[in-house]
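What follows is each chain in one-letter form.
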Amino acid sequence: MSDIKNDIEGLMKNAAEITSSVFDCETHQPFICTHPTFYHEGHFYILSTKIAKQTKYYEAGSELSVIVVGECTVKQNLFSRKRVTILCKPKELEKDDKLRGLFEKHLGTFASGLMDVIDFKVFLLKPIGGLYFRGFGRAFEFTSDSVDVIHLKEPHKPKSGNTMAKILKNSLSKV
């Protein structure tokens, strides 16, 4: 299963952006947003402005769900996209030269320049656990701290002999 662990970590390390979702306690509705990001030493790092709705939830340490989407495992089949959904705990960080250097290295001059904008805050997102989808019918559950515990979920099983069964059999054999 170490190839699964490597896939998960590779997907997170190659992420240029994440989509995060939080529950807005005031409106009792979910809220979704995207952030440029990088994954470093087991954590995602993002910048968020105080003007943005989600920042107050990050500041409060509210858990959030993020998704990272990768490539399709079967050509032209969007259902086969590699993706990881992760429950994360945010933590606000003090801006410093080390963080500035990391943002410069991973996201460029514009991102490191935002460190000088007063209303932008830096957050570390610590993965707690999640699901990794290697392709259609291949889902793996993992826990935090470098995805050590992984469980294969039961693959889809259509009725035999129909068109979908043939498509699934062909798709799953390529994963």
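These notes cover the structure that comes with them. (Residues numbered from 1 in each chain as written. Predicted model: local features only at pLDDT ≥ 70, side-chain atom pairs only at ≥ 80, totals over all residues. Heavy atoms only, no water.)

1. Some remarks on the overall build of the protein chain
Helix and strand content of the protein chain: six helices and nine strands. Counting over 175 residues, the protein chain shows a buried share of 41%. Sequence-distant contacts in the protein chain: of pairs separated by 6 or more residues, those separated by 24 or more amount to 58%. Working note: accessible area of the protein chain is about 10200 Å², and carbon and sulfur atoms make up 55% of it. (Helix = DSSP H or I, 4+ residues; strand = E, 2+ residues; numbered from the N terminus. Buried < 20%, exposed > 50% of the residue type's maximum accessible area, 1.4 Å probe, protein only. Contact = heavy atoms within 4.5 Å. Areas by Shrake-Rupley, 256 points an atom, 1.4 Å probe, with all protein chains shown as cover.)

2. A short note on the layout of surface pockets
Its volume calculated, the largest pocket comes out at about 170 Å³. Every residue lining the largest pocket is counted, 15 residues in all, and those nearest its centre are His-35, Pro-36, Leu-47, Leu-114 and Phe-120. Elements represented by at least two residues in the lining of the largest pocket include exactly β2 (29-36), β4 (43-49), α3 (97-107) and α4 (109-113). Here the element with the most residues in the lining of the largest pocket is β4; it accounts for four residues. In terms of residue class, the lining of the largest pocket is made up of 10 nonpolar, five polar and no charged. (1 Å grid on protein atoms, 1.4 Å probe; cavity = no way out; pocket = protein on both sides within 12 Å on 5 of 7 lines; lining within 4 Å. Points joined across faces, edges and corners; volume = space filled by probe spheres on them. Nonpolar A, V, L, I, M, F, W, Y, C, P; charged D, E, K, R; others polar.)

3. Description of the environment of His-40
Of note, His-40 is situated in strand β3 (residues 38-40). Excluding residues that lie within four positions of it along the chain, His-40 makes contacts with Tyr-45, Leu-102 and His-106.

4. Quick look at α3
Those residues of α3 not exposed but buried are Leu-99, Leu-102 and Phe-103. End-on, the buried residues of α3 take up no more than an arc of 95 degrees, which puts them together on one face. The exposed set on the far side of α3, more than 90 degrees from its buried face, consists of Asp-97, Lys-98 and Lys-105. Its side-chain oxygen at 3.2 Å from the backbone nitrogen of Lys-98, Asp-96 defines the N-terminal cap of α3. Within two residues after α3, Gly-108 carries a phi angle of roughly 95 degrees, on the positive side. (Arc of directions from axis to C-beta. Polar contact = N/O pair within 3.5 Å; in protein donor to acceptor, adjacent residues only side chain to side chain.)

5. Some thoughts on the pattern of salt bridges
This model, assessed by the stated rule, comprises six salt bridges. Notably, a salt bridge pairs Lys-82 with Asp-7, separated by 4.0 Å at the nearest N-O pair. Taken together, the residues Lys-82 in strand β6 (residues 81-93) and Asp-7 in helix α1 (residues 2-13) connect sequence positions 75 residues apart. By relative accessible area, Asp-7 is classed as partly exposed at 21%. For Glu-26, the salt bridge goes to Lys-56, with nearest N and O atoms at 3.0 Å. Here Lys-56 lies in helix α2 (residues 55-59) and Glu-26 lies in the loop between β1 (17-24) and β2, a separation of 30 residues in the sequence. The partly exposed category is assigned to Lys-56, whose relative accessible area is 35%. Because the salt bridges share partners, they merge into one network encompassing Glu-59, Glu-92 and Lys-121. (Salt bridge = Lys/Arg side-chain N within 4 Å of Asp/Glu carboxyl O.)

6. Quick notes on the pairing of β1
Residues Ile-18, Ser-20, Val-22 and Asp-24 of β1 are buried on one face, while the alternating residues Glu-17, Thr-19, Ser-21 and Phe-23, pointing to the opposite face, are not. Looking at chain direction, β1 and β2 are connected through eight bridges and run antiparallel. Pairing of Ser-21 across the sheet is with Ile-32, part of β2. Hairpin connection from β1 to β2: four residues lie between these consecutive antiparallel strands, with His-28 at a positive phi of about 55 degrees. (Pairing = 2+ DSSP bridges.)

7. Some points on the packing of aromatic side chains
Two measures describe an aromatic ring pair: the distance that separates the ring centres and the angle between the ring planes. Enumeration according to the criterion identifies four aromatic pairs in this entry. Centre to centre, the rings of Phe-38 and Tyr-45 are 5.1 Å apart; their planes meet at 10 degrees, and the pair counts as stacked. Taking the relative accessible area as the measure of exposure, Tyr-45 reaches 8% and is therefore buried. Here the aromatic residues Phe-38, Tyr-45 and Phe-103 are joined through ring pairs into a cluster of three or more. Here Arg-83 stacks its cationic end above the ring of Phe-133, 4.5 Å away from the centre of that ring. (Phe/Tyr/Trp six-rings, centres within 6.5 Å; stacked < 30°, edge-to-face > 60°. Lys NZ or Arg CZ within 6 Å of the ring centre and 35° of its normal.)

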